[in-house]
Amino acid sequence: MEFNQFTSEIIATASVLIVVFVLRLLVAKVVRRYAKVNHNLEHRANLVIKYIDLLINIVAFIALIVIWGVQKEDILVTVSSITTVIGVAMFAQWSILSNITSGIILFFFFPFKIGDVICINDKDFPVQGEIEDINAFHINLRSQDGALNTYPNNLLLQKGITILKPHNDQPDFMD
């Protein structure tokens, strides 16, 4: 086999790798800037970047498979088999996936931050406390009596949240 026979595949592969590299840099820069502007923690931004990078890598892998001429029928059989196995495993672990997805949504769209005092409006088990940490799977709330409560991210999206006392990011010069 000659090198010239695979020139178009090599160029396409190089193009995909360059696009992946640029996309990953761009995503990291945009997410970190968003986190800085909205006063989110760096480790939360890093988690979101990792999740998006994983998605980019999966799409790039599929693109490389297509570029190198794997038959479409073989791709569909392989992808459907992998999806079935992953689907069964994820169905058993749906709450983990739900909490990760909720963590990403909370990162970009929810108005509360670490230091805010919130009330989770759950009619059966209302929870009130100061947010100490927001992780990929849950938040930590410190109640007035000092108890540490962990609350799953996916339930935060399902329940009403009242911000009782926002954390003051600005120093108070009036005191």
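Reading guide: rules and limits
- Residues numbered from 1 in each chain as written.
- Predicted model: local features only at pLDDT ≥ 70, side-chain atom pairs only at ≥ 80, totals over all residues.
- Heavy atoms only, no water.
- Helix = DSSP H or I, 4+ residues; strand = E, 2+ residues; numbered from the N terminus.
- Buried < 20%, exposed > 50% of the residue type's maximum accessible area, 1.4 Å probe, protein only.
- Areas by Shrake-Rupley, 256 points an atom, 1.4 Å probe, with all protein chains shown as cover.
- Polar contact = N/O pair within 3.5 Å; in protein donor to acceptor, adjacent residues only side chain to side chain.
- Contact = heavy atoms within 4.5 Å.
- Salt bridge = Lys/Arg side-chain N within 4 Å of Asp/Glu carboxyl O.
- Pairing = 2+ DSSP bridges.
- Axes fitted to C-alpha atoms, helices over the stretch in contact; angles between N-to-C directions.
- Phe/Tyr/Trp six-rings, centres within 6.5 Å; stacked < 30°, edge-to-face > 60°.
- Core = buried A, V, L, I, M, F, W, Y, C linked by side-chain atoms within 4.5 Å.
- Expected span 1.5 Å × (residues − 1).

Colleague: Could you clarify how one ought to interpret the overall build of the protein chain in this entry?
Modeller: If you tally the helices and strands in the protein chain, you get five helices and five strands. In the protein chain, the succession of α and β elements from N to C terminus is α-α-α-α-β-β-β-β-α-β. Counting all 175 residues of the protein chain, 26% fall into the buried class. Carbon and sulfur atoms make up 66% of the accessible area of the protein chain, which amounts to about 12100 Å² in all.

Colleague: Is there a simple way to explain the side chain of Ser143 in this structure?
Modeller: Relative to the helices and strands, Ser143 resides in the loop between β3 (138–142) and β4 (148–152). On the basis of relative accessibility, which here comes to 14%, the residue Ser143 falls in the buried class. For Ser143, the side chain forms a polar contact with the side chain of Asp145, separated by 2.3 Å. Leave out the neighbours within four places in its chain, and Ser143 touches Gln128, Gly129 and Asn149.

Colleague: Would you explain the pattern of salt bridges in this entry?
Modeller: If charged atoms from side chains of opposite charge come close, those side chains can pair. Summed over all chains, the structure comprises three salt bridges. One salt bridge in this structure joins Arg24 and Asp53, with 3.4 Å as the shortest N-O distance. Remark: Asp53 occurs in helix α2 (residues 42–67) and Arg24 occurs in helix α1 (residues 7–37); sequence separation between them is 29 residues. What makes Arg24 partly exposed here is its relative accessible area of 34%. A residue is classified by how much of its surface remains accessible, and Asp53, at 11% relative accessible area, is buried.

Colleague: Sorry if this is basic, but what is going on with the sheet that holds strand β5 (residues 160–165) here?
Modeller: Strand pairing within a sheet occurs via backbone hydrogen bonds; the two strands may be parallel or antiparallel. Across the sheet, five strands lie side by side as β4-β3-β2-β1-β5; this open sheet has antiparallel pairing. Only two strands of the sheet have a single neighbouring strand rather than two, namely β4 and β5. For this sheet, the mean angle separating the axes of adjacent strands, direction not counted, is 45 degrees.

Colleague: How do you make sense of the packing of aromatic side chains when you look at a structure like this?
Modeller: The geometry of an aromatic ring pair is captured by the separation of the ring centres together with the interplanar angle, meaning the angle of the planes. Per the stated rule, a full pass over the model turns up one aromatic pair. Centre to centre, the rings of Phe6 and Trp68 are 5.9 Å apart; their planes meet at 40 degrees, and the pair counts as tilted. Pair noted here: Phe6 is in the segment before α1 and Trp68 is in the loop between α2 and α3 (72–92), with a separation of 62 residues, a long-range link. Using a relative accessible area of 26% as the deciding quantity, one classes Phe6 as partly exposed.

Colleague: It is not clear to me how the pairing of β3 should be interpreted in this structure. Could you clarify?
Modeller: For a regular strand, side-chain orientation follows a simple rule: the groups alternate between the two sheet faces. Looking at chain direction, strand β2 (residues 127–134) and β3 are connected through four bridges and run antiparallel. Within the sheet, the bridge partner assigned to Ile131 lies in β3 and is Leu141. Counting the residues that bridge the hairpin from β2 to β3 gives three residues. In sequence, β3 turns back onto β4 through a hairpin of five residues, with Gly146 there showing a positive phi of about 95 degrees.

Colleague: Help me understand the nonpolar core, please; the structure alone is not making it clear to me.
Modeller: Counting residues in hydrophobic clusters, the biggest one holds twelve residues: Val16, Val20, Val27, Ala28, Val31, Ala35, Ala45, Val48, Ile49, Ile56, Ala60 and Phe107. Broken down by secondary-structure element, the contributors of at least two residues to this core are α1 and α2. Tallying contributions element by element places α1 first for this core, with six residues. Not counting the four nearest positions on each side in its chain, Val27 is found in contact with Ile52 and Ile56. In terms of nonpolar packing, the next biggest core, distinct from the first, is built from eleven residues, Ile134, Ile139, Leu141 and Tyr151 among them.

Colleague: What should I look at first to understand α1 in this one?
Modeller: Quick reminder: α-helices carry 3.6 residues per turn. Residues three or four places apart thus point the same way. Between its first and last C-alpha atoms α1 spans 45 Å; for 31 residues at 1.5 Å apiece the expected length is 45 Å, and the two agree. Regarding α1, the residues found buried are Glu9, Thr13, Val16, Val20, Val27, Ala28, Val31 and Ala35.

Colleague: Would you mind going over the environment of Tyr51 with me for this structure?
Modeller: Relative to the helices and strands, Tyr51 is located in helix α2. In this view, Tyr51 contacts Ile100, Ile104 and Ala136; residues no more than four positions away in its chain are not counted.

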